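# Descriptive analysis of the structure
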Amino acid sequence: MTEAAPILKLARRLALEAGAIQKERYATELQIETKSAAVDLVTDVDKACEALIVDAITAERPEDAVLAEEGSGVDHPGAELRWIIDPLDGTTNYAHAYPRFCVSIGVTRNGEPWIGVVYDPLLDELYEAVRGEGARLNGEPLRVSPEKDLSHGLLATGFAYDRRKSEEDNLTQFAAFLKAARALRRDGSAALDLCYVAAGRFDGFWEFKLQPWDVAAGCLIVNEAGGRTSDTEGGESHWSGRTVVASNGALHEAMLDVLRRHA
Ligand code: IPD
Ligand code: CA
Ligand code: CA
């Protein structure tokens, strides 16, 4: 058994349990509130999933730090392990009963990405990765696409919740990739978008103004599936979520080039 095995087992169990709540409550009546903007939603299911995950980690691993989107995590500065949790990624989809959302759980060790688990409960697809040990989907090894030509690529992106007020709204870049790639998708769950890059379903993904919980698991899964992740400069600040570019590796420089020319 590797050192990661018990942590991966706990992350997997919590992702499956939270996913079961999402599946059970899917397309039922929800309590919906807004957060940072009128288009930024949170539901009672986001909160229930976060409570389940954070309570279990706190009980089973009280020394670990926990960063969770809805604010119930507890920081322990200097902790070796930090759990980074998006209890429901794709809340707008969930609120509209659009079937694309997931649970995302990442774990860093001494500040380095170590373990990632993403679960899509409707498709029953469990993505996971351990740094240096590869990525899997329902136990089968994952590999990014071999596509080398951006004009044949299927790309995905998303738009931040401040888009009604901010001029940094990703529309310039969206237009540029719409011309450069074969096709674009905007499907409302950044964590699943990243897993789809890892699975070779998308050839690339970019987004601005994400948060650590959107990318902590998904970027590791892309890297472990043989892909590349970076910020728009090709650097490492993407773990913060501020700018994220993920690709099969072969298309990475071409994507960075489009983003540089349309900054
Ligand atoms: C959102 C989704 C969406 C992305 C947004 C995220 P949430 O997360 O990942 O695809 O475009 O920027 O904030 O709010 O559903 O957890
Ligand atoms: Ca999210
Ligand atoms: Ca969320």
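Residues numbered from 1 in each chain as written. Chains lettered and ligands numbered in written order. Predicted model: local features only at pLDDT ≥ 70, side-chain atom pairs only at ≥ 80, totals over all residues. Heavy atoms only, no water.

### A short note on the domain arrangement of the protein chain
Short version of the rule: Here the limits of each domain have been adopted from an automatic or database domain assignment. In this description, contact between two residues means that some pair of their heavy atoms is separated by no more than 4.5 Å. Here the buried area means the combined drop in accessible surface, using a 1.4 Å probe, for two parts upon being joined, counting both sides. Should a side-chain nitrogen of Lys or Arg be within 4 Å of a carboxyl oxygen of Asp or Glu, the pair is scored as a salt bridge. Pairs of N or O atoms are called polar contacts if they sit within 3.5 Å, as long as, within protein, a hydrogen donor faces a hydrogen acceptor (for residues adjacent in sequence, only side-chain-to-side-chain pairs). Only DSSP runs of H or I reaching four residues or more are called helices, and only runs of E reaching two or more are called strands; each is numbered from the N terminus. Any residue outside Ala, Val, Leu, Ile, Met, Phe, Trp, Tyr, Cys, Pro, Asp, Glu, Lys and Arg is labelled polar, Gly included; the first ten of those are nonpolar and the last four are charged.
Domain annotation for the protein chain reports domain 1 (5-141) and domain 2 (150-261). On a C-alpha basis, the centres of domain 1 and domain 2 stand 20 Å from each other. Taken together, the contacts link 41 residues of domain 1 with 25 residues of domain 2. Three residues, Val39, Arg100 and Tyr127, lead the burial of domain 1 against domain 2; their summed loss comes to 27% of the area buried on that side. On the surface where domain 1 and domain 2 come into contact, there are three salt bridges. Arg100 is the salt-bridge partner of Asp193, the closest N and O atoms lying 2.8 Å from each other. On inspection of domain 1 and its partner domain 2, the count reaches 13 residue pairs in polar contact (both at pLDDT 80 or more). Only strand E3 (65-68), strand E4 (81-89), helix H3 (91-95), strand E5 (102-109), strand E6 (112-120), strand E7 (125-130) and strand E8 (135-137) provide two or more residues apiece to the side of domain 1 that touches domain 2. When residues of the side of domain 1 that touches domain 2 are assigned to their parent elements, the largest contribution, seven residues, is made by E6. Classifying every residue of the side of domain 1 that touches domain 2 by side-chain character gives 22 nonpolar, nine polar and 10 charged.

### Section: the packing of helix H5 (residues 190-198) against helix H6 (residues 212-224)
Selection rule: Note on geometry: axes are C-alpha line fits, over the in-contact stretch for helices, and angles between N-to-C directions span 0 to 180 degrees. For classification, angles of less than 35 degrees are called roughly parallel, those exceeding 145 degrees roughly antiparallel, those between 65 and 115 degrees roughly perpendicular, and all remaining angles oblique.
H6 packs onto H5 with a crossing angle of 0° between their chain directions and a minimal axis gap of 8 Å. By the angle between their axes, H5 is roughly parallel relative to H6. For the pair formed by H5 and H6, the contact residues are Ala190, Ala191, Leu194, Cys195, Val197 and Ala198 on the first element and Asp214, Val215, Gly218, Cys219, Ile221 and Val222 on the second. Each residue belonging to the contact of H5 with H6 can be placed in one class, and the counts come to 10 nonpolar, one polar and one charged.

### Concerning unusual backbone geometry
Rule in force here: Partly exposed residues are those whose accessible area sits between 20% and 50% of the maximum for their type, while under 20% is buried and over 50% is exposed, using a 1.4 Å probe and protein chains only.
Even without being a glycine, Ala27 presents a positive backbone phi close to 65°. Mapped onto the secondary structure, Ala27 falls in the loop between helix H1 (5-25) and strand E1 (32-34). The phi torsion at Asn170 lies on the positive side, around 75°, for a residue other than glycine. Among the structural elements, Asn170 can be located in the loop between strand E10 (154-157) and helix H4 (171-180). The exposure class assigned to Asn170 is buried, which follows from its relative accessible area of 4%.

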